[in-house]
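Survey of secondary and tertiary structure
Here are the chains, one letter per residue:
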Amino acid sequence: MRKITAELFVSLDGVVEAPDQWHFPYFDDAMGAAVDAVVGAADTLLLGRRTYEGFAGSWPQREAAGGEDAAFAARLGDVRKIVVSHGTPDLGWRNAELLRGDLVTGVRALKAEPGDGPVVISGSVSVVRQLLAAGELDRLHLLVHPLAVGRGMRLFEDDAPPIPLRLLSCEAFGTGVLNLFYAPAAAPRSAGYEDARTHLPRDGSA
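With that settled, consider helix H1 (residues 29–38). The complete set of buried residues in H1 reads Met-31, Ala-34, Val-35 and Val-38. An end-on view of H1 places all buried positions within 95° of arc, on one side of the element. Exposed positions of H1 whose direction lies more than 90 degrees from the buried face are Asp-29 and Ala-37. One side-chain oxygen at the N-terminal end of H1 lies 3.2 Å from the backbone nitrogen of Ala-30; it belongs to Asp-28.

It is worth spelling out the pattern of salt bridges at this point. Applying the stated rule across the entire model yields 14 salt bridges. Between Arg-80 and Glu-113 there is a salt bridge; the shortest N-O distance is 2.9 Å. Of this pair, Arg-80 sits in strand S3 (residues 80–84) while Glu-113 sits in the loop between helix H5 (103–111) and strand S5 (119–122), and the two are 33 residues apart along the sequence. A relative accessible area of 25% places Arg-80 in the partly exposed class.

On to the nonpolar core, then. Membership of the largest hydrophobic core comes to 28 residues, with the highest contact counts inside it found for Met-31, Val-35, Val-39, Leu-45, Trp-59, Leu-76 and Leu-143. Every element with two or more residues in this core is listed here: H1, strand S2 (44–48), helix H2 (49–56), helix H4 (70–78) and strand S4 (96–99). By residue number, the principal contributor to this core is H1, which donates four residues. With residues near it in sequence (within four places) discarded, Met-31 still touches Phe-9, His-23, Tyr-26, Leu-143, His-145, Phe-173 and Val-177.

Next up on the list: the side chain of Thr-5. Note that Thr-5 resides in strand S1 (residues 4–11). Among the polar contacts listed, one links the side chain of Thr-5 to the side chain of Arg-139, at a separation of 3.1 Å. Those residues within four positions of Thr-5 in sequence are excluded, and the remaining contacts are Val-38, Val-119, Val-120, Ile-121, Leu-137, Arg-139 and His-141.

Calculation criteria
- Within each chain, residues carry numbers counting from 1 in the order of the written sequence.
- Given that the model is predicted, a residue must reach a pLDDT of at least 70 before its local features are reported, and side-chain atom pairs must reach 80 or more before they are shown or counted; all residues, however, enter totals for whole chains, interfaces and linings.
- Only hydrogens and water are set aside when side-chain values are computed; all heavy atoms of the structure are taken into account.
- Only protein chains enter the accessibility calculation, which uses a 1.4 Å probe; a residue whose area is less than 20% of its type maximum is buried, one above 50% is exposed, and one in between is partly exposed.
- Only runs of H or I of at least four residues qualify as helices and only runs of E of at least two qualify as strands under DSSP, and these elements are numbered from the N terminus.
- Working note: the arc is built from the helix axis to C-beta atom directions.
- Pairs of N or O atoms are called polar contacts if they sit within 3.5 Å, as long as, within protein, a hydrogen donor faces a hydrogen acceptor (for residues adjacent in sequence, only side-chain-to-side-chain pairs).
- Here, a salt bridge means any side-chain nitrogen of Lys or Arg that lies within 4 Å of a carboxyl oxygen of Asp or Glu.
- What makes a nonpolar core is a set of buried Ala, Val, Leu, Ile, Met, Phe, Trp, Tyr and Cys residues whose side-chain atoms join them at distances within 4.5 Å.
- Should any heavy atoms of two residues lie within 4.5 Å, those residues are considered in contact.

Quick look at the structure:
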C-alpha cells in the first residue's frame, strides 16, 4: 500500500499560513535538501486547490526561465498532481488531475493503487487536517521555524480533538529550524499528577 507524507513549514506558535512571508530567511542548503528528499522524491503530489494554484502560477515560469531552480521545477511539472477541490480549477499545468468525490474515499483508493511510489502533500492544510482526523496520513513532516508569527491559520484547530503522534526523527539545522517527522500513534494511557509525581526528584535536586 502506498504511503502519504504531508510536509509543512510551521512557526513555533503553530502558524502554517503564508510561509512565503516569514520562512525564507531560514531557507538554506540543509532545508533545501530536506524538502527535496520529500517533495522532490514524490511519485504523486496531492494538493489543495489554493496550493495547486500557487504552484501552477509560479513553478512553470521558473522551469521556463532556466534558473538554478529549473530542475526542481521540472520535476514538479513531470510528477502526477492530484488536486482536491469542489470547484473546477484550471488544470493547465501538465500531469494535473482532479480528485472527484469524497476526499477520504479518494485517498484510500489512491493508497491502494499498485506500486509503492510516495505520495506527498505540500502545504494544503485543510487536506492534511482531514486526513489526520481520518487516520489516513502516514507521516507528518514539519519544518519548525524558530519564530512566533503571532497570527494566521494554525495547523491544529482550537476545537479539534487530540491527535496522538509519535516522533520518528528529529534534526536541528544551523538556522535553528527543527526537521521533524511524526507518525500516527495510539492514544496515550490515562494518567494524572499522582502518576507523574513518582518521576520527580526525591532529594531536592533538579
